[in-house]
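Remarks on the overall topology
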Amino acid sequence: MLLSSRLLARTRSSPLAITGMLCMLLELAQAQTVQVNTCPPLEKRERKTADASCPETIPHHTVADAGNYTSPVEVLAGCPFGVTMNFNEHLYFKVARNQPGLRITHDWDYMEGSTNPVFYAFTQVPFYRGGDDSYYEEYFWPSSNMDDYVLEQDSVSKHDIYHCSRTQCSAFCGEAQGAVDACVGDAYPMENTGFLYVTMVGLSTGLAKAVHVMHVYNVTDVIREEQLQAVKDLFYQTCYPTQHLIPTFPTNQPWRKSEHVEGHYSVLGTWPWKEQFSTNGGERDMDRLPYCDWMFGVNLESLGAEAKCSDIPDIECDQDGYVVALRLSERGLRGHLPASFASMNRLQEVYLNRNQLMGEFPQSLFASNQLKDLQISHNFFTGTIPCPTHPEPNLEVLLLAQNSFTGTLPTCLFTDAPYLQQLNVNYNKLDSKIPPEIKYATNLVTLSADHTGLHGSLPVELECMNRLSFLHLQRNNLTGTVPQRVVDGLVDMYSLRLSFNELSGTVPHFDTRHSSLQILYLDHNQFDGNFGEQLSEFANAQRAVGVVSEVMLGHNNLHGPLPSVFYNLVNNAFRITELDAVGNHFVCDKDTNDWPAWVFRTGSSFFGKCVPIATPTHFSNVSSEVNGGNPPLVAIQGSQNHSHADALQIYMFAESELVVHGRNFRASDELKCRFGESTEVPALYKNAEQMICKLPRELEIGKAYMFSVANYGSDYWSRETSNEFVPVNVMVVAQRTSRSGFATWLIALIAVACLLAVSATTFAVVLVMKELKGEPLFHRIEDLDELGSSEERDGKPDMNNETSTIPRMEANDNL
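Treat the numbers as computed from the prediction; the structure is a model and nothing was measured.

Another point: the pairing of strand β17 (residues 356-360). In the sheet, strand β15 (residues 334-336) pairs with β17 via 3 bridges, with the strands oriented parallel. Residue His 336 lies in a different strand from β17, and its bridge partner there is Met 358. Examined bridge by bridge, β17 and strand β19 (residues 380-382) share 3 bridges and lie parallel to one another. Bridged to Met 358 within β19 is Phe 380.

Within the element layout of this structure, Arg 334 appears in strand β15. Taking the C-alpha atoms as reference points, Arg 334 and Asp 287, 47 residues apart in sequence, are found 9.3 Å from one another. When near neighbours in sequence (up to four residues on either side) are disregarded, Arg 334 contacts Gln 237, Thr 238, Thr 242, Leu 289, Pro 290, Tyr 291, Gln 356 and Leu 357.

The strand order β25-β27-β29-β31-β33-β35 describes an open sheet built from 6 strands, whose pairing is parallel. Edge positions in the open sheet fall to β25 (455-456) and β35 (585-587), since each of these has one partner strand only. One ladder, built from 3 bridges, connects strand β33 (residues 557-561) with β35; its direction is parallel. Bridge pairing in β35 places Pro 561 opposite Val 587.

Bridge analysis of strand β40 (residues 672-675) against strand β41 (residues 679-687) gives 4 bridges, and the strand direction is antiparallel. Residue pairing in the sheet places Lys 672 in a bridge with Pro 682 of β41. Counted along the chain from β40 to the antiparallel partner β41, the turn is 3 residues long, and its residue Gly 676 has a positive phi close to 75°. Pairing of β40 with strand β43 (residues 704-710), which is carried by 4 bridges, proceeds in the antiparallel orientation. Within β43, the position partnered with Arg 674 by the bridge is Ser 708.

Below, the discussion takes up the state of the cysteines. With the rule as written, the count across this model stands at 7 disulfides. Disulfide pairing places Cys 39 opposite Cys 464 at an S-S distance of 1.9 Å. Linking Cys 39 and Cys 464, the disulfide has an S-S dihedral of approximately -80° and is accordingly described as left-handed. On the criterion of sequence distance, the pair formed by Cys 39 in the loop between α2 (15-35) and β1 (60-61) and Cys 464 in the loop between β25 and β26 (470-472) is long-range, its members being 425 residues apart. On the accessibility criterion, Cys 39 (22% relative accessible area) is partly exposed. Given a relative accessible area of 8%, Cys 464 falls into the buried group.

The next point concerns the pattern of salt bridges. Tallied over the full model, the rule gives 16 salt bridges. Across the salt bridge formed by Asp 148 and Lys 372, the nearest N and O atoms sit 3.1 Å from each other. Remark: Lys 372 occurs in the loop between β17 and β18 (373-375) and Asp 148 occurs in strand β8 (residues 146-151); sequence separation between them is 224 residues. For Asp 148, a relative accessible area of 17% puts it in the buried group. Counted as one network, the salt bridges with shared partners bring together Arg 103, Glu 316, Arg 327 and Glu 349.

Per the counting criterion, the structure on display carries 33 aromatic pairs. For the pair Tyr 236 and Tyr 240, a centre-to-centre distance of 5.6 Å together with 65° between the ring planes defines the contact as edge-to-face. Judged by relative accessible area, which is 31%, Tyr 236 ranks as partly exposed. Judged by centre distance (5.9 Å) and plane angle (85°), the rings of Phe 566 and Phe 586 are edge-to-face. Here Phe 566, found in helix α9 (residues 565-571), pairs with Phe 586, found in strand β35; they are 20 residues apart in sequence, far enough to count as distant.

For the rest of this paragraph, the subject is the nonpolar core. In terms of nonpolar packing, the biggest core is built from 99 residues, with Trp 294, Phe 341, Phe 361, Leu 535 and Phe 566 touching the most fellow members. Among the secondary structure elements, those contributing two or more residues to this core are α3 (225-238), β13 (315-317), β14 (323-327), α6 (412-415), α7 (484-489), α8 (536-540), α9 and α10 (597-602). With 5 residues, α3 is the largest single contributor of residues to this core.

Reading across the sheet, the 12 strands line up as β13-β14-β16-β18-β20-β22-β24-β26-β28-β30-β32-β34 and stay open at both edges, with mixed pairing between neighbours. Looking at the sheet topology across the chains shown, the edges are occupied by β13 and β34 (578-580). The mean angle between the axes of side-by-side strands here comes to 10°, regardless of whether they run parallel or antiparallel. Two strands pair when backbone bridges link them, and strand β32 (residues 550-552) and β34 are joined in this way by 3 bridges, in the parallel orientation. Across the sheet, residue Glu 550 finds its bridge partner in β34, namely Glu 578.

Further remarks concern the confidence of the model for the protein. On average, the protein scores 79 in pLDDT, and the residues at 70 or more come to 76%. Taken as a whole, residues 1-19 scores under 50 in pLDDT and shows 10 contacts with residues more than four places along the chain or in a different chain. Predicted confidence for residues 21-35 stays below pLDDT 50, and this span has 7 contacts to residues more than four positions away or in other chains.

Tracing the sequence through the fold places Ser 368 in the loop between β17 and β18. For Ser 368, a relative accessible area of 13% translates into the label buried. A distance of 2.9 Å separates a polar atom in the side chain of Ser 368 from the backbone nitrogen of Gln 370. Those residues in contact with Ser 368 that lie beyond four places of it in its chain are Asn 345 and His 390.

On to the side chain of His 212. As for its position among the elements, His 212 is in strand β12 (residues 208-217). Within polar-contact distance, the side chain of His 212 engages the side chain of His 106 at 2.9 Å. What His 212 contacts, discounting residues up to four positions off in sequence, is Cys 79, Pro 80, Phe 81, Val 83, His 106, Asp 107, Trp 108, Tyr 110 and Met 200.

The subject of this paragraph is the environment of Arg 513. Mapping Arg 513 onto the fold places it in the loop between β29 (502-505) and β30 (519-521). Residue Arg 513 is classed as partly exposed on the basis of its relative accessible area, which comes to 40%. Sequence separation of Arg 513 and Glu 537 is 24 residues, and the distance between their C-alpha atoms is 9.1 Å. Among all residues touching Arg 513, those that are not within four sequence positions of it are Asp 488 and Val 491.

Now for α3. Between its first and last C-alpha atoms α3 spans 20 Å; for 14 residues at 1.5 Å apiece the expected length is 20 Å, and the two agree. Turning to α3, its buried residues number three or more, namely Gln 227, Leu 228, Ala 230, Val 231, Lys 232, Leu 234, Phe 235 and Thr 238. The secondary structure elements touched by the buried residues of α3 are α4 (240-243), β13, β14, β15 and β17.

The subject of this paragraph is unusual backbone geometry. Positive phi, close to 65°, is recorded for Met 295, a residue that is not glycine. As for its placement among the helices and strands, Met 295 is situated in the loop between α5 (257-261) and β13. One non-glycine residue, His 451, lies in positive phi territory at about 50°. Mapped onto the fold, His 451 is located in the loop between β24 (446-448) and β25.

Counting through the fold element by element, Pro 563 comes out in the loop between β33 and α9. A relative accessible area of 7% means that Pro 563 is categorised as buried. Along the primary structure Pro 563 and Ser 536 are separated by 27 residues, whereas in three dimensions their C-alpha atoms are 9.7 Å apart. Not counting chain neighbours up to four residues away, the residues in contact with Pro 563 comprise Phe 531, Gly 532 and Phe 586.

Parameters and conventions
Residues numbered from 1 in each chain as written. Predicted model: local features only at pLDDT ≥ 70, side-chain atom pairs only at ≥ 80, totals over all residues. Heavy atoms only, no water. Pairing = 2+ DSSP bridges. Helix = DSSP H or I, 4+ residues; strand = E, 2+ residues; numbered from the N terminus. Contact = heavy atoms within 4.5 Å. Disulfide = S-S within 2.5 Å. Buried < 20%, exposed > 50% of the residue type's maximum accessible area, 1.4 Å probe, protein only. Salt bridge = Lys/Arg side-chain N within 4 Å of Asp/Glu carboxyl O. Phe/Tyr/Trp six-rings, centres within 6.5 Å; stacked < 30°, edge-to-face > 60°. Core = buried A, V, L, I, M, F, W, Y, C linked by side-chain atoms within 4.5 Å. Axes fitted to C-alpha atoms, helices over the stretch in contact; angles between N-to-C directions. pLDDT = per-residue confidence, 0-100. Polar contact = N/O pair within 3.5 Å; in protein donor to acceptor, adjacent residues only side chain to side chain. Expected span 1.5 Å × (residues − 1).

Here it is as structure tokens:
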């Protein structure tokens, strides 16, 4: 306001000036408005406490009061507790399970920072030190800021099952299976009771704040009749046609998918009954899975009104008998889902990944506010991506990859699913831009849309995604730049993958705000410009040994000297695990005429081949055309080894063309000539030793300009880039002069010939018109004298007298 008052005070005497000033202020206000952060607030949802006896104030723990390896802090089942931890800190907890068979679920809500892995064990306190120097029975690294993890039980025996124990994987806790150290509780040798020990380890960079809840509860074992029928329909329509064909081997052991995938049934395997069933490869391809192995040995026909939910493997029911979970990934299901599938309207978790299901996915499922986790990747579903239709949706995870969905990426996923945290639409057949409404998905942690038909530019609204940790948009047709303001907003980014697009401009900077960034894929784009400082802070943030960290920058147009940041990324103690910068245009080192010496100590496979500096040596006329009588266009004084005081004398014609001779020229869209420090003009490549430049008009007469060439934008020949540098100076000494006498006579001759041609044509036209009127083409001199004498006797005829005997002269007669 103060600024505008002062500006108006200076322009009071001029209304026009005031109007102009108001317009300028309006434009200034609009420009400032563009920079205002219009991001919506974060959508928060309170977790329900499972136990009313929990303390009113949530206890909060840090490394100072979260116990230690020998004395973990006990937390109450169903009661939330807060955790704040930094990188490389370890916090130890335990929760009681007083009787066998109780289900344990771990909820979390990260309010700040990145997620961290959690390690579980019943036998002792787990610990993680990296590699083999660790102990745990199970671990989980959350991919979502808000979600839960169920410590699984075997669907038949109901024993706790983990993917690893000390001695073997896929071991049942509660059954030693011949292993002395299997995960068996001390008090109850066949079931784990007592305490579940939980260790949280800070492996993500930066501060992390979260609220956790450990639920311990009974699973209800009833199923409603219509729910049971829907499950039966699903089985008979998608599984039974192949499931009943599963062979049984002589030991009464049926075919198993796990054995099939591991290749035990292959003709190259060691299975003893290869003559009964063998495969010839492709065992891991779920599209070639020969049989459905869901519910093998279960007699569905015998299940009636007294059926229990636990009678059916891979499903879960709530206390009212509604099916709330279907866990049927990789079961060999095929065909269309039955119509009765819609009756399971309380489903919370649907896992149908890696089957052979087809058709349109039931829209009715999205009408429920119960649905939280839908995973149907690697099937053959078609149609458009469905939208949540319930006014209070709770959808958190939506995995739709490797299907045949068409249409656009619907805005409803971002506006009508406020708690959505994971969205994966990889390898579909969309035709879409990234909608600007994405800014409303403030809880989104993972957005993966590789090879799915995206085009257009990256919307600036991505800057609102400050919880986004995984942004994967590879192999699309994205264009334009990566706006710095977008990168500045992605403060929680862990993995950014934009490979195989058409993105251009300079690589954005990743500074101290991006301390969580570990994976950066920008290869196979059109990024250009000098490079190095953009990743200096990224290199400093590599602080964890063993953490995967990758940088892919290959096959762009990056140029300039090989940046020193690459040395840090490769040679520092906390280095990245993979680097690729092959296929760029980094120039050769001036001391080695190749890569810098340190590259030869580590290997050049990261960088490919360097580009030699383009070196001009002399000039010549672009052709032998007539030069207007001037001296030759270029007069060379001495060779390239002339002293710095010498200059190549150039008689400049406006935009005349020079042939530049030298070595190491490249066929590049960025090939340039430079006069002085800033006057650049594009060049035309002829071969590695010749190129053509047009002399710019703006060069001053009598001023010497240092001449240089760049193959890729800014890699100019200079003292900084070459030890062989010798200045090549250009001086403009004259403008275009008048044309030669021969040229002047030639032009005059052409002008006379044109005039004669016009006169002859006019004369011919007059003759033709007289002939058409019947008038004589010529008069005798005697007739003209007689006509003149008559006019003298009688006086001038009255041209206005209509009765005059002398006709009026028409325009054509004047000819």
